[in-house]
Amino acid sequence: MNRKIILITRELFYVFTAALVIFAAMETVWPGVVLAYININWVLILWLFFGIIVLINQI
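Calculation notes
Residues numbered from 1 in each chain as written. Predicted model: local features only at pLDDT ≥ 70, side-chain atom pairs only at ≥ 80, totals over all residues. Heavy atoms only, no water. Core = buried A, V, L, I, M, F, W, Y, C linked by side-chain atoms within 4.5 Å. Buried < 20%, exposed > 50% of the residue type's maximum accessible area, 1.4 Å probe, protein only. Helix = DSSP H or I, 4+ residues; strand = E, 2+ residues; numbered from the N terminus. Contact = heavy atoms within 4.5 Å. Expected span 1.5 Å × (residues − 1). Arc of directions from axis to C-beta.

A. Seen up close, the nonpolar core. By size, the foremost hydrophobic cluster in this structure holds nine residues: F16, A19, L20, F23, V33, V34, I40, V43 and F50. Elements supplying a minimum of two residues to this core: α1 (2–29) and α2 (40–58). Ranked by the residues each element gives to this core, the list is headed by α1, at four residues. Among residues more than four places away in sequence, those in contact with V33 are M26 and E27.

Structure below.
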């Protein structure tokens, strides 16, 4: 069971990393398209949270 949780947190970290890259590219090409609908701060907080969990589980 513990292995499944580690795998899920790692995959969520990858998803949030890809989302941040895509959102940054979209904002570069078309300013305001992402920030009008999504608060990037929450995405960054979740990305950081899952990143810390992934690092803790590797120790």
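B. Expanded view of α2. Compared with the 27 Å implied by 1.5 Å per residue over 19 residues, the 27 Å span of α2 between its first and last C-alpha is a close match. Within the sequence span of α2, burial applies to I40, V43, F50, G51 and V54. Angular distribution of buried residues about the axis of α2 spans 110°; they occupy a single face of the element. Projecting away from the buried face of α2 at angles above 90 degrees are the exposed residues W42 and I56.

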